[in-house]
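Listed below are the residues making up each chain.
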Amino acid sequence: MGYKIGLDLGSTAIKMVLVKNNEIAWSRKVPTAPGQEALALELVKGAVSECGLKESDIDQIAATGYGKKLMSAAGHTVDEISANAQGLHWLSEGRCRTIINIGGQDLKVINLNENGRIADFKMNDKCAAGTGRFFEQAARILDTPLESFGEMSKLADEPLELNSTCVVFAESEIVSLLAKGVPKERIIKGLHHSVARRITHLLGNRNTPKSGDIYLDGGPSQNPGLLEALEDELLMEVKVLPNPQFTVAFGATLSLN
Ligand code: ADP
């Protein structure tokens, strides 16, 4: 019946989209854990039963992400950079020229030409600073859910200058700031700005789009406080699509015939 499935087996979350006529009909994510293929197949089963389909209604499955090779049920695999590029080019209707993707454990900048082809690409996967894992650790130390970081940082007037860019040092810096009684709101705003500066640095002048739009995607792009800090640092509008954690899974389906 013309359905396609895109599976993004990421370092932190497995994301699945069910697609018909290049539109997302169903999506879901689960945390990455051992037995990734079984977890992914559970998602497929969930989509089939919740959408009232039969397994035979699924024409093709494409897998991407760091665990893509583990997915023997997928007839096709595609690398996550190409999947991200194709997904955002399509979803932005060709307007996107720069993608900033923040994943659980890495940070990528992808530049596209007007046809959606990859013109340049940079990745920071050596250090967890600025990634989802960095925010998760900060959330634990601050005893504050990540989902409320956006609201919290709005309450602070001025971001606190954080000196540490390394996760390990940032952790001890946060602990000592809390001990001094610095409000959590200011620390969170400071974290957003420190990550935004890191992204701006990775982006560099050369990668800032001269035309077209800049898009943020990946799980942490759902944090409005980070988006605001990034726009402040870049002095540019940064766009976030609905469901920005699923762009890569969707893009994988575009690589199917
Ligand atoms: P990967 O592909 O590497 O698994 P994702 O793009 O799926 O990475 O992003 C995973 C990260 O997204 C996690 O580290 C998680 O903390 C973060 N995340 C998920 N939902 C939210 C949210 N609502 N606000 C902020 N961060 C989020």
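So, here's what we can say about the structure. Everything numeric here is computed off the predicted structure, so don't read it as measured data.

## Digging into the pattern of salt bridges
For step 1, the next point in the chain: All chains considered together, the criterion is met by nine salt bridges.
For step 2, the next point in the chain: Measuring nitrogen to oxygen at the nearest pair gives 3.5 Å for the salt bridge that ties aspartate 106 to lysine 108. Both residues of the pair, aspartate 106 and lysine 108, belong to the buried class.
For step 3, the next point in the chain: Here the salt bridges do not stand alone but share partners, grouping Glu161, Arg197 and Glu233 into one network.

## Regarding the pairing of strand 7 (residues 107-112)
For step 1, the next point in the chain: Among the six residues of strand 7, six are classified as buried, and the element is accordingly described as predominantly covered.
For step 2, the next point in the chain: Across the two faces of strand 7 the burial is the same, with Leu107, Val109 and Asn111 and Lys108, Ile110 and Leu112 all buried.
For step 3, the next point in the chain: Where strand 6 (residues 96-102) and strand 7 come together, five bridges link them in antiparallel fashion. Counterpart to isoleucine 100 in the pairing with strand 7 is valine 109.
For step 4, the next point in the chain: In sequence, strand 6 turns back onto strand 7 through a hairpin of four residues.

## Details of the side chain of aspartate 8
For step 1, the next point in the chain: Its place among the elements puts aspartate 8 in strand 1 (residues 3-9).
For step 2, the next point in the chain: Every residue in contact with aspartate 8, bar those within four places of it in the chain, is listed here: Ala13, Ile14, Lys15, Thr64, Gly65, Val248 and Ala249.

## Comments concerning the site of the ligand
For step 1, the next point in the chain: Contacts to the ligand come from 19 residues, most closely from Ser11, Thr12, Lys15, Glu136 and Gln245.
For step 2, the next point in the chain: Here an oxygen atom of the ligand and a backbone polar atom of alanine 13 are 2.9 Å apart.
For step 3, the next point in the chain: At a separation of 2.7 Å, an oxygen atom of the ligand approaches a polar side-chain atom of lysine 15.
For step 4, the next point in the chain: Against a free-state accessible area of 580 Å², the protein chains account for coverage of 87% of the ligand.

## Comments concerning the sheet that holds strand 2 (residues 13-20)
For step 1, the next point in the chain: Ordered in space as 3-2-1-4-5, the five strands form an open sheet in which the pairing is mixed. Each end of this open sheet is capped by a strand with a single partner; those strands are strand 3 (23-31) and strand 5 (76-77).
For step 2, the next point in the chain: Pairing of strand 1 with strand 4 (residues 58-64), which is carried by six bridges, proceeds in the parallel orientation. Bridge pairing in strand 4 links leucine 7 to alanine 63.

## A short note on the environment of lysine 239
For step 1, the next point in the chain: As for its placement among the helices and strands, lysine 239 is situated in the loop between helix 7 (224-234) and helix 8 (247-254).
For step 2, the next point in the chain: Given the relative accessible area of 26%, lysine 239 is considered partly exposed.
For step 3, the next point in the chain: The contact partners of lysine 239, leaving out residues within four places of it in the chain, are Asp213, Ile214, Tyr215 and Leu216.
For step 4, the next point in the chain: At a separation of 3.1 Å, a polar atom in the side chain of lysine 239 contacts the side chain of aspartate 213.

## Some remarks on a nonpolar patch on the surface
For step 1, the next point in the chain: Taken together, Ile118, Phe121 and Met123 make up a surface patch of nonpolar side chains, about 240 Å² in accessible area.
For step 2, the next point in the chain: As for its placement among the helices and strands, isoleucine 118 is situated in strand 8 (residues 118-124).

## Re helix 2 (residues 80-91)
For step 1, the next point in the chain: With 12 residues, helix 2 should reach 16 Å at 1.5 Å per residue; the first-to-last C-alpha distance of 16 Å fits that figure.
For step 2, the next point in the chain: Those residues of helix 2 not exposed but buried are Ile81, Ser82, Ala83, Asn84, Ala85, Gly87 and Leu88.
For step 3, the next point in the chain: Residues of helix 2 that are buried in the fold lie against strand 4, strand 6, strand 7, strand 8, strand 9 (213-217) and helix 8.
For step 4, the next point in the chain: Measuring from the backbone nitrogen of isoleucine 81 back to the side-chain oxygen at the start of helix 2 gives 3.1 Å, which picks out aspartate 79 as the cap.
For step 5, the next point in the chain: Phi turns positive one or two residues past the end of helix 2, at glutamate 93, with a value near 55°.

## Digging into the nonpolar core
For step 1, the next point in the chain: Among the nonpolar cores identified, the biggest contains 34 residues, and Ile100, Leu191 and Leu230 are the most heavily contacted of them.
For step 2, the next point in the chain: Among the elements that line this core, the one with the most residues is helix 6 (residues 184-207), at eight residues.
For step 3, the next point in the chain: Ranked by size, the runner-up nonpolar core spans 19 residues in total, among them Leu7, Leu9, Leu43 and Ala47.

The rules we used
- Residues numbered from 1 in each chain as written.
- Predicted model: local features only at pLDDT ≥ 70, side-chain atom pairs only at ≥ 80, totals over all residues.
- Heavy atoms only, no water.
- Salt bridge = Lys/Arg side-chain N within 4 Å of Asp/Glu carboxyl O.
- Buried < 20%, exposed > 50% of the residue type's maximum accessible area, 1.4 Å probe, protein only.
- Helix = DSSP H or I, 4+ residues; strand = E, 2+ residues; numbered from the N terminus.
- Pairing = 2+ DSSP bridges.
- Contact = heavy atoms within 4.5 Å.
- Near = heavy atom within 4 Å.
- Polar contact = N/O pair within 3.5 Å; in protein donor to acceptor, adjacent residues only side chain to side chain.
- Areas by Shrake-Rupley, 256 points an atom, 1.4 Å probe, with all protein chains shown as cover.
- Patch = residues over 30% accessible without salt bridge, like charges linked within 9 Å, V, L, I, M, F, W, Y side chains within 5 Å.
- Expected span 1.5 Å × (residues − 1).
- Core = buried A, V, L, I, M, F, W, Y, C linked by side-chain atoms within 4.5 Å.

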